[in-house]
Amino acid sequence: MSSKLDKSTKVNVKVVSKPSPKGNPPKPSAPSVSASKIAATDQLQGRDTIYIDIDDDVTSIIGKIKSSENTVIALVPPKRTGALQSVVNLKLLQQAAKNNRKKVALITTDNVLSSMASALSIPIARNLTSQPKLLEVEEPEIEEDNFIDGKDIAVGDLAKMGKTSRANTGEDKEISAAVKAIETDDKINDDLDADGEPDSKPQPKSKEKKSRVIPNFDTFRKKLMIFGGLGLAFIIFLVWAIWFAPGGTITISAKTSSKAYKVSVNLDPNSSTTVDKAIIQPVVKQTKKTETVSFTATGTKDIGDKATGKVVIHNDYSLSSFTLPAGTVIATSSGLQYTLSSSVVVPSVTGTLYNPQTGTSNPVTAVASNIGENYNVESGTKFSVSGQNSKVKAEAKGDFTGGTKETVKVVQQSDLDAVVDTLRDQADSESVKSDLESQMGSNVTVIDDSFTASYADATSKPAVGEPASSGSATATMEITYTMIGITTSDLEALADSQAGALVEDESSQKVYDNGLKNLKFTGFAATDSAYTVIVNSNAKIGPVIDVAEIKERAVGKRSGEIVSDIESISGVSNVQVKFSPFWVGSVSDQSKLKVEFTVDE
């Protein structure tokens, strides 16, 4: 049977208490109809009296409370009703009444139910006529067995107890089932919920809670530094652009006349520069290069060793001994000549007239006068002695040996003379000239005609007359390159001096171009210890224009105004004005104006 009754089936019962014969307060009579079918309204006491059937569950009881039209409700449960034997169900009833702005009291004599209601601050009345009130709750006696003794239960068991989910307990399951039943019933009947709104009413969308974002201070600091730096740079740029950057250049073309000058300059490396005397100490750069070329020797020559041996001198002529000096020439009958290496004493002839005894000297070394194997004569060869009687002869004591002869190629002078031109031609003078120019530096003007090369005598290896192995030989020549230059400062001083001499009236004329850029050198010549060169150019002479006046007239004016104003000055042929940076239209400070002059070409 359903525990929730339709409102149309409700029966309002007027409960009238009958006086007790003995004057005792009347006891509540048992309902004449089943409590599960009746929901009575106590009109006399201004409250609803709801009788709870023993089969009613907590959901149906809550439904009755919510459907009650009065704010005070007396619940009359039967004894030992199951729906109210749970503290949880009583809490649900209490919460449902609170949400629907109703007051609930229990009419019961059940001590257990009264105790639980008192603990939840639910008023209790013994009967319908008595005033419900809160009963005092007796402090429960705590039995010693309810304490958990760590000695009896292990720590692990306690931890398992703590981890046990309440959702698995029978009490929680009962609560969950009751709440779910209440909500289901509310939805079916579109009843008020605890929030007092029908279920059919659209529920406001819950706002999603935004997660709180913790700011990244490192990123914030980086951005702060970047944007701060950019801002500072922008401020610096503005200061520079407004106060420091603006400037202007006024270029004036003056009406000038060209005048030529020409001067002979003495370039003396050993003297200091004296422009007035046209003496300039030049910059001299030299470098030496050695050129080598191979050639074939065409000459021939006999080479070899001279034969040597020992001879004795026989004297069959002189009765007196004599000495032959070193270098005395002796010769064979075939004409081969030798010379004595040292002097030798030749004994006199001894014996009688009829039996003379030849005087014979000690052996002395003789060397062939020329090379050749034919001078290797045998022992016993007879030699005549130069300057002596024919009876004075020399005789070889042993063989002459060591004489050799060979014909080889040798370098001759004509061979060397033939390669001199080749040595000069193969020299890379242009490369040397470029190297010398680089050595001069950017502040030196080179005199092109001063570049010279001096050639030393060519030599050969082997030398002239010496045998050349396999006929090959090399020729070498040393070449000295020289270049002369003048420093730009000396040239400028010379040009200023020469151009200044062309100004006839310094009060009305000035030099606009000293001709330095167009200087020309001619007639370069070398002397014993110096050089000479002729310098000539053209200078531009024009009117004197006051620069200070130009600046004063240009301050604060725009470009077109400056041009028209300065072109009105005598001697000015053209004016150009350029401001910078591009956003500048005028300059208010004379120090930021620059005046330049150009000349008519």
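Computed from a prediction, not measured in an experiment: that's the story for all the values here.

Reading guide: rules and limits
Residues numbered from 1 in each chain as written. Predicted model: local features only at pLDDT ≥ 70, side-chain atom pairs only at ≥ 80, totals over all residues. Heavy atoms only, no water. Helix = DSSP H or I, 4+ residues; strand = E, 2+ residues; numbered from the N terminus. Polar contact = N/O pair within 3.5 Å; in protein donor to acceptor, adjacent residues only side chain to side chain. Pairing = 2+ DSSP bridges. Axes fitted to C-alpha atoms, helices over the stretch in contact; angles between N-to-C directions. Contact = heavy atoms within 4.5 Å. Salt bridge = Lys/Arg side-chain N within 4 Å of Asp/Glu carboxyl O. Buried < 20%, exposed > 50% of the residue type's maximum accessible area, 1.4 Å probe, protein only. pLDDT = per-residue confidence, 0-100.

Q: What's the story with the side chain of S537 in this structure? I'm lost.
A: One can find S537 in strand β28 (residues 531–543). From its side chain, S537 meets the backbone oxygen of G515 in a polar contact 2.6 Å long.

Q: When you look at the sheet that holds strand β30 (residues 593–599) in this model, what are you seeing that I'm missing?
A: To summarise the sheet geometry, strands pair through backbone hydrogen bonds and adopt either a parallel or an antiparallel arrangement. With mixed pairing, three strands are arranged side by side in an open sheet as β29-β6-β30. A strand with exactly one partner marks an edge of an open sheet, and here the two such strands are β29 (572–580) and β30. Averaged over all pairs of adjacent strands, the angle between strand axes in this sheet comes to 20 degrees, irrespective of strand direction. Sheet topology note: the strand β6 (residues 247–254)/β30 ladder contains seven bridges and is parallel. If you follow S253 over to β30, its bridge partner there is T598. This element, helix α10 (residues 547–554), spans β6 and β30 of the sheet and lies at about 125 degrees to β30. The strands that helix α11 (residues 559–566) touches are β6 and β29; relative to β29, the one it contacts most, it runs at about 160 degrees.

Q: Quick question: what am I supposed to make of the pattern of salt bridges here?
A: Side chains that carry opposite charge are capable of pairing whenever their charged atoms lie near each other. One pass over the full model with this rule turns up nine salt bridges. Linking D218 and R221 is a salt bridge whose minimum nitrogen-to-oxygen distance equals 2.6 Å. Here D218 and its partner R221 are both found in helix α6 (residues 217–244), three residues apart, which amounts to about one turn of the helix. For D218, a relative accessible area of 44% corresponds to the partly exposed category. Through salt bridges with shared partners, one network takes in E549, R553, K557 and D565.

Q: Any chance you could explain the confidence of the model for the chain here in plain terms?
A: The predicted structure's coordinates, where accompanied by low pLDDT, should not be read in detail. Counting all residues, the mean pLDDT for the chain is 81, and 79% of those residues have values of 70 or more. At the level of individual helices and strands, the chain shows its lowest average pLDDT in strand β1 (residues 39–42), which scores 42, and its highest in strand β14 (residues 337–340), which scores 97. The low-confidence segment residues 1–44 (pLDDT under 50) makes 55 contacts with residues lying over four places distant or belonging to another chain. Ignoring residues within four places in sequence, the model shows residues 142–169, a span with pLDDT below 50, making nine contacts including any to other chains.

Q: Even after reading the chapter, I still don't get unusual backbone geometry, so can you show me in this structure?
A: What is expected of a backbone is that most residues other than glycine have negative phi and most peptide bonds are trans. With omega at 0 degrees, the peptide bond leading from K461 into P462 counts as cis. In this structure, P462 sits in the loop between β24 (459–461) and β25 (472–487). Here the bond from S580 into P581 is cis, since omega is -10 degrees, no more than 30 degrees from zero. Tracing the sequence through the fold places P581 in the loop between β29 and β30. The phi angle at A278 is positive, at roughly 60 degrees, despite the residue not being glycine.

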